[in-house]
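# Overview (structure and organization)
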Amino acid sequence: MTENPNTPPIIRLKNVHKTFGKNHVLRGITLDIYPGESFLIIGGSGSGKSVLLKCILGLMEPDEGSEIEIAGVDVLKGSSSEVEKARRKVSMLFQGNALFDSLPVWENISFLLLQTKRLNRKEAYDFACKILPTVGLKTDVALLSPSELSGGMQRRVSLARAVASTPEIIFFDEPTTGLDPIMASVIDDLIVKNVKELGATAVSITHDMNSARRIADRIAMLYHGELIWIGTKEELDHTNNPYVTQFINGLSTGPISTEAS
Amino acid sequence: MVIFLNRIGFYFFHFLASVGRLSTFTFRAVVSSLTFPFYGRQFLKQLLDIGYNSLPVVGLTALFTGMVLALQSYTGFSRFSAEGAVATVVVLSITRELAPVLAGLMVAGRVGAAMAAEIGTMRVTEQIDALTTLSTNPLKYLVTPRLIAGLIMLPALVFVADIIGIFGGYIVSIYKLGFNPGNYLHQTVKYLEMRDIVLGLVKASTFGFIIALMGCYHGYNSKGGAQGVGLATTRAVVSASVLILITNYFLTVLFFDK
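Cut-offs used in this document
- Residues numbered from 1 in each chain as written.
- Chains lettered and ligands numbered in written order.
- Predicted model: local features only at pLDDT ≥ 70, side-chain atom pairs only at ≥ 80, totals over all residues.
- Helix = DSSP H or I, 4+ residues; strand = E, 2+ residues; numbered from the N terminus.
- Buried ≥ 20, exposed ≤ 12 C-beta atoms within 10 Å, placed from the backbone.
- Pairing = 2+ DSSP bridges.
- Core = buried A, V, L, I, M, F, W, Y, C linked by C-beta atoms within 7 Å.
- Contact = placed C-beta atoms within 7 Å.

Scanning chain B for helices and strands turns up 9 helices and 0 strands. Each helix and strand of chain B, placed in order from N terminus to C terminus, yields the pattern α-α-α-α-α-α-α-α-α. Expressed as a percentage of the 258 residues in chain B, the buried residues total 41%.

Encoded structure:
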């Protein structure tokens, strides 16, 4: 799904700034993301992608004057109960998986359902065993510790945890980083399938252009903390923007400086 | 001169900022422990880890401290024919000072380091961020159970250390120094007051809180990768040990009666 003027955005960012000392990482990001779309943010290392995601998720506080709305709730100024309610609609797949290594796989997947007492431990275990095949894992991994799994399996468990609470919005932080091309493609397919089945909105960041083309409806490019281009994935290949062209083609020459900053 | 003053000012403000951050963290952690939900399984795990799993190291420390204390007291007191005071010195030293302080230092090394390393690793691998995205307050989930378990389990450990330490002194006094068992036990209980034991346990509870707080604080605020976690672990043990020794002095002054 792409931008629909009749549907209010599920995520709205207005003039989002974030500075660390003298380093201005986000420079007035304004962006609307609509329900059901798969929105992807591309950009080089250090362009501010992860900081933007963390600001939306409430893991980092943006600078004064920034506005962030999730499902119609101003998460920076709203009451704590409203914000809590809005945040429960959100889940995240972390770049390093961030699985709780003190808990077995099944408890990782059912974590939220256990903590909110929606399920008892037996039901939570059964629930995790039901979810595991949907991400291509056998149920006998349920009792293993995350450290006993391969990188690809950990990513699948992380995806299972992200979809387990049937969120309305799922964030994917570099979902294919560190995986071989086949596993990356498998994870992309699983992301597309699970997001579609849930009817959720997906917001991803990546610099893997193969992955970007597989999972995105709309794509935005972040450069030095500013959104310099937004369009559909079809428009991406025909853009005249020299920054985007250099980035998607992986060229070492062009307007994007390749010197370490 | 200006450079020197600048440096002093820099370290002073850095110190004040650190105290401010620690105070804020402590306040938030204590407030978190007063509100629902309470993570019972985490709490039980910490009770076991801080209490039961620390028993061997604390027990051994207490046993040998009691034994050495009896020998050294005898060496000193025999020079002015006051050997009879050995039992009293052993029991008062163990209950009022040695058991709480030594148990505190041993647990700081064992548990404080483990807390900082575990929470620090969770920080650098984004597990703490993951808790937040799963609508779980990391302070309530990670810090509160450790603080309460520290408060409860250190006194329990010190109570056991009191018994083992006194027993160590008894063994040496009876089998090496030739004391009469009945007389020794009589001397042990004769001058021991309930407030001696309670003072030791109050100290232990305070030290338990300090150990858990330092472990959690340094782990929670660790940065970077393995090096950051290593630094957090070192800071947790050093700061907890130093704070235990300083707090011990002030608590002793507070409870001191001439």
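Residue and element names in this part refer to chain A. Pairing in this open sheet of 4 strands is antiparallel, and the strands run β2-β1-β4-β5 from one edge to the other. Across the chains shown, the open sheet's two edge strands, defined by having one partner strand only, are β2 (23–33) and β5 (73–74). Where strand β1 (residues 11–20) lies against strand β4 (residues 67–70), 4 bridges are found, and the strand directions are antiparallel. By the bridge assignment for β4, R12 is matched with E69.

Here we come to the pairing of strand β6 (residues 90–93) of chain A. Residue and element names in this part refer to chain A. The alternating pattern of β6 places V90 and M92 and S91 and L93 on opposite faces, both of which are buried. Note that β6 and strand β7 (residues 169–173) share 4 bridges and pair parallel. Residue pairing for β7: M92 is matched across the bridge by F171.

Membership of the largest hydrophobic core comes to 138 residues, with the highest contact counts inside it found for I170 of chain A together with A103 of chain B. No other element matches helix α4 (residues 86–124) of chain B, which puts 19 residues into this core. Residues within four places of I170 of chain A in sequence aside, it is in contact with S91, L93, A162, V163, V195, A200 and A202 of chain A.

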